[in-house]
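What follows is the residue order along each chain.
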Amino acid sequence: MTNPAEKHPMQPYANDADSDAIDGLTIENGTDRLSLYGSLTLTRDQAGLARARQLLALLQQTVAVLESAPLPEQIAERPATKVANPFG
């Protein structure tokens, strides 16, 4: 069982390459943002508890990083990337 005080393996905001998953929830790392998408089911059993602890550890690390240095009011949004349809 994971201890909620343990760090999540991915270090938030450390790079633009890491990606991790908790159940069906995908977490993509970035130096200026984390992206979370998908779904996470927290069942009322040992497996659900383990997933909840993983999410808690990631969020605690994220908050610690955000609180560790001055932050801008808001970062600029990334422009949308258009990709040509290879089938069109």
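Before reading further, recall that the structure is shown in the block above.
Residues numbered from 1 in each chain as written. Predicted model: local features only at pLDDT ≥ 70, side-chain atom pairs only at ≥ 80, totals over all residues. Heavy atoms only, no water.

Draft legend 1. Broad picture of the overall build of the chain. Secondary structure assignment for the chain yields 1 helix and 3 strands. Reading the chain from its N terminus to its C terminus gives the helix and strand order β-β-β-α. When the 88 residues of the chain are sorted by exposure, 20% land in the buried category. Surface summary for the chain: the accessible area is close to 6,600 Å², and the carbon and sulfur share equals 55%. (Helix = DSSP H or I, 4+ residues; strand = E, 2+ residues; numbered from the N terminus. Buried < 20%, exposed > 50% of the residue type's maximum accessible area, 1.4 Å probe, protein only. Areas by Shrake-Rupley, 256 points an atom, 1.4 Å probe, with all protein chains shown as cover.)

Draft legend 2. Inspection of the pairing of strand β2 (residues 24-28) at higher detail. Bridging between strand β1 (residues 19-22) and β2 involves 4 bridges; their strand directions are antiparallel. By the bridge assignment, Ile22 is partnered in β2 with Leu25. Between β1 and the antiparallel strand that follows it, β2, lie 1 residue; Asp23 among them carries a positive phi value of about 55°. Of the strand pairs in this sheet, β2 and strand β3 (residues 35-39) are connected by 5 bridges, and their pairing is antiparallel. Each bridged residue has a counterpart across the sheet, and for Ile27 the counterpart in β3 is Leu36. The turn linking β2 back onto β3 is made up of 6 residues. (Pairing = 2+ DSSP bridges.)

Draft legend 3. Up close: the nonpolar core. Counting residues in hydrophobic clusters, the biggest one holds 6 residues: Met10, Ile22, Leu25, Ile27, Leu55 and Leu58. Within the residue set of this core, elements represented by two or more residues are β2 and α1 (46-67). Dropping the residues within four chain positions of it, Leu55 is found in contact with Ile22, Leu25 and Leu40. (Core = buried A, V, L, I, M, F, W, Y, C linked by side-chain atoms within 4.5 Å. Contact = heavy atoms within 4.5 Å.)

Draft legend 4. A look at the side chain of Thr26. Turning to its location among the elements, Thr26 is positioned in strand β2. Residue Thr26 is classed as buried on the basis of its relative accessible area, which comes to 19%. Setting aside its immediate chain neighbours within four residues, Thr26 contacts Ser19, Asp20, Ala21, Ser35, Leu36 and Tyr37.

Draft legend 5. The arrangement of the sheet that holds β2 in detail. Read across the open sheet, the 3 strands follow the order β1-β2-β3; overall the sheet is antiparallel. Looking along the sheet, the strands with just one partner apiece sit at the ends: β1 and β3. Sheet twist, expressed as the average angle between the axes of neighbouring strands with direction ignored, equals 15°. (Axes fitted to C-alpha atoms, helices over the stretch in contact; angles between N-to-C directions.)

Draft legend 6. Quick peek at the environment of Ala14. Tracing the backbone shows Ala14 in the segment before β1. Spatially, the C-alpha atoms of Ala14 and Asp32 are 9.1 Å apart, while their sequence positions differ by 18 residues. With near-sequence residues (within four places) excluded, Ala14 lies in contact with Asn29, Gly30 and Thr31.

Function cannot be inferred from these measures alone, as they are strictly geometric.
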